[in-house]
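An overview of the molecular structure
Read off the chains here:
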Amino acid sequence: MQTITLANGLVIPAVGTGTNTYGKEGNQYNGELNGDFSALKSAIKAGYRLIDTAISYRNEAGVGTTILESGIPREKFYIITKIPAEDAFIGSKESVEKTVLKSLENLKTDYIDLYLIHQPIEDEEKLKHTWEVLESFVDKGQIKSIGVSNFTMEMLETVHNFARIQPVVNQIQSNPHTWNHELIDYLLKTDVVPIAWGPLSKVTPEQINKLNHIAENYGKNWVQVLLRYQIQRGVVVIPKSHNEEHQITNLKLFDFALTKEDQFLIESL
Ligand SMILES: NC(=O)c1ccc[n+]([C@@H]2O[C@H](COP(=O)([O-])OP(=O)(O)OC[C@H]3O[C@@H](n4cnc5c(N)ncnc54)[C@H](OP(=O)(O)O)[C@@H]3O)[C@@H](O)[C@H]2O)c1
């Protein structure tokens, strides 16, 4: 698996699996938890080691159990989770601390590879104390890297200005409906690795046709060229699938490279 080196020198796999509908009734984000983690099991079997969960997904505990029960050593995995920007979690330093300890317990691990603030925290004091607590967990070795999600350039500047330990990633939406090209350029320039969420979402049939047309030249399909486009420009992708075959094909991204022309065609879809 290709990796990308973060600003703190640690590495992150270029491809991971999303999990936001895993362990839920009807594979629905808001579905009741049903303990069915077969999709995560098949993703791990297919070779995914970066696993992206979040407290809001309500499935940290099931994700933790599935990773543990895989029998694969913990250090082979790269686990991401996220703290919601809600007072119950970030209202005070104590609540942030309690939240991180609960994530460690849920995920059944001594350390979390990457802990993100899930959404912008508008109140600067709360943003600051949340960040300071996350930094203290990095000091203790219980979190390896910290970052943000859905932050704008301005919000990141605010964090840059007070952070003792800088955010190493910003997890944001990026797909043909909402590329976020300008933000991604800024992140790449400032050594903050972008992680594209929803990388396969909101693609129109017309865009799929155009992508398939490009993909033919490489013996690939529309999903593979779309994901390849992102990793080729330094963006980590976390596609999610409940289909074993899709999970396997979505990892076959490292035996071809898009030409400049094809990159441009995809960029301007
Ligand atoms: N930070 C945030 O605010 C935020 C927000 C949203 C999501 N996320 C994270 O990003 C992850 C990915 O986003 P997402 O789950 O919303 O959606 P996604 O990965 O963009 O798309 C998932 C859809 O793509 C389909 N798909 C996957 N591989 C395919 C293939 N090879 N061919 C055809 N269809 C394929 C899946 O269907 P099948 O199951 O049938 O394959 C599923 O319907 C989430 O799971 C979550 O971990 C983060």
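The residue numbering used here restarts from 1 in each chain and proceeds along that chain's sequence as written. With pLDDT at 70 or above as the cut-off, local features in this predicted model cover only qualifying residues; side-chain atom pairs require 80 or more to be listed or tallied, and sums for whole chains, interfaces and linings still use all residues. To get the side-chain values, all heavy atoms of the structure are used, and hydrogens and water are removed first.

Details of the site of the ligand
Residues in close proximity to the ligand total 25 residues, the closest being D52, L200, S241, H242 and H246. Any N or O atom pair separated by 3.5 Å or less is treated as a polar contact, with the protein-specific requirement of one donor-capable and one acceptor-capable atom, and with residues adjacent in sequence counted only for side-chain atom pairs. Residue H246 places a side-chain N or O atom 2.6 Å away from an oxygen atom belonging to the ligand. All accessible-area figures derive from a Shrake-Rupley calculation using a 1.4 Å probe, and residue coverage is judged against the displayed protein chains alone. If the ligand stood free it would expose 900 Å²; the protein chains cover 78% of that surface. Points on a 1 Å grid over protein atoms alone make up a cavity when a 1.4 Å probe fits among them but cannot get out, and a pocket when they form an open set with protein on both sides within 12 Å along at least five of seven lines; lining residues each have an atom within 4 Å of a point. Pocket or cavity membership: a molecule qualifies when more than half of its atoms sit within 2 Å of the grid points of that site. Cavity membership is defined here by more than half of the atoms lying within 2 Å of grid points; on that basis the ligand lies in the largest pocket. For this classification, Asp, Glu, Lys and Arg are treated as charged, while Ala, Val, Leu, Ile, Met, Phe, Trp, Tyr, Cys and Pro are nonpolar and the rest, including Gly, are polar. In terms of residue class, the shell around the ligand is built from seven nonpolar, 15 polar and three charged. One heavy atom within 4 Å of a molecule or strand makes the whole residue count as near it.

Topic: the pairing of strand β9 (residues 193-197)
We call a residue buried when its accessible area falls under 20% of the maximum for its residue type, exposed when it is over 50%, and partly exposed in between, using a 1.4 Å probe and counting protein chains only. Where helices and strands are cited, they refer to DSSP runs of H or I of at least four residues and of E of at least two residues respectively, numbered from the N terminus. β9 sits mainly inside the fold: four of its five residues count as buried. Of the strand pairs in this sheet, strand β8 (residues 169-173) and β9 are connected by five bridges, and their pairing is parallel. Residue pairing for β9: V169 is matched across the bridge by V193. A clockwise path from the first strand over the helix to the second, with the strands pointing away from the viewer, defines a right-handed crossover. With helix α7 (residues 181-189) bridging β8 and its parallel neighbour β9, the resulting β-α-β unit is right-handed. By definition, two strands form a pair when at least two bridges between them are found by DSSP. For β9 and strand β10 (residues 236-237), the ladder comprises two bridges, and the chain directions are parallel.

Overview of the UniProt feature "site: Lowers pKa of active site Tyr" (unreviewed entry) in the chain
UniProt positions are given in the numbering used here, feature names are shortened, and annotations may be inferred rather than shown by experiment. Per the UniProt entry, the sites bearing "site: Lowers pKa of active site Tyr" (unreviewed entry) are K82 in this numbering. Among the structural elements, K82 can be located in strand β5 (residues 78-83). Contact criterion: two residues are considered in contact whenever any of their non-hydrogen atoms come within 4.5 Å of each other. Apart from the residues lying within four places of it in its own chain, the contact partners of K82 are D52, T53, A54, I55, Y57, Y115, L116, H118 and Q171.

Points about the UniProt feature "domain: NADP-dependent oxidoreductase" (unreviewed entry) in the chain
Per the UniProt entry, the sites bearing "domain: NADP-dependent oxidoreductase" (unreviewed entry) are residues 15-266 in this numbering. End C-alpha to end C-alpha, residues 15-266 measures 19 Å, and it is 43% helix and 15% strand.

Focus on the sheet that holds β5
The eight strands are arranged β3-β4-β5-β6-β7-β8-β9-β10 in an open sheet whose pairing can be described as parallel. Taken across any chain shown, the strands that pair with only one partner, and hence form the sheet edges, are β3 (16-18) and β10. In terms of strand pairing, strand β4 (residues 50-52) meets β5 through three bridges, oriented parallel. Looking at the pairing, I51 lines up with I79 of β5.

Things to note about the nonpolar core
As used in this record, nonpolar core signifies buried Ala, Val, Leu, Ile, Met, Phe, Trp, Tyr and Cys residues forming a set joined through side-chain atoms within 4.5 Å. Counting residues in hydrophobic clusters, the biggest one holds 65 residues, and the most contacted among them are Y115 and I266. Among the elements that make up this core, the one with the highest residue count is helix α9 (residues 222-232) (seven residues). Y78, L114, V168 and V169 belong to the second-largest nonpolar core, a separate cluster that totals 14 residues.

What about unusual backbone geometry?
The phi torsion at R58 lies on the positive side, around 65 degrees, for a residue other than glycine. Among the secondary structure elements, R58 is positioned in the loop between β4 and α2 (60-69). For R58, a relative accessible area of 38% puts it in the partly exposed group.

Focus: the pattern of salt bridges
Pairing is possible between side chains that carry opposite charge, provided their charged atoms lie close to one another. Salt bridges are identified by distance alone: a Lys or Arg side-chain nitrogen within 4 Å of an Asp or Glu carboxyl oxygen. A full pass over the atoms with the stated rule returns eight salt bridges. Salt-bridge contacts for K45 lead to E244; the nearest nitrogen and oxygen are separated by 3.7 Å. Taken together, the residues K45 in helix α1 (residues 38-46) and E244 in helix α10 (residues 244-249) connect sequence positions 199 residues apart. K102 is the salt-bridge partner of E105, the closest N and O atoms lying 3.4 Å from each other. Of this pair, E105 and K102 both sit in helix α4 (residues 93-107), three residues apart, which is roughly one turn of the helix. Residue E105 is classed as exposed on the basis of its relative accessible area of 52%. The partly exposed category is assigned to K102, whose relative accessible area is 42%.

Some points on the pairing of β5
A regular strand places its side chains so that they alternate between the two faces of the sheet. A large share of β5 lies buried, amounting to six of its six residues. Residues Y78, I80 and K82 line one face of β5 and the alternating positions I79, T81 and I83 line the opposite face, and both faces are buried. Read as a crossover between parallel neighbours, the route from β4 over α2 to β5 is right-handed. Pairing of β5 with strand β6 (residues 112-117), which is carried by four bridges, proceeds in the parallel orientation. The partner of T81 across the bridge, within β6, is Y115.

Observations concerning the layout of surface pockets
When its volume is computed, the largest pocket comes out at roughly 340 Å³. Taken together, 19 residues form the lining of the largest pocket, with N20, W197, G198, P199 and I238 sitting closest to its centre. Residue classes in the lining of the largest pocket are distributed as six nonpolar, ten polar and three charged. Quantified by volume, the second largest pocket comes out at close to 240 Å³. Grid points are joined across faces, edges and corners, and a volume is the space filled by probe spheres set on the points.

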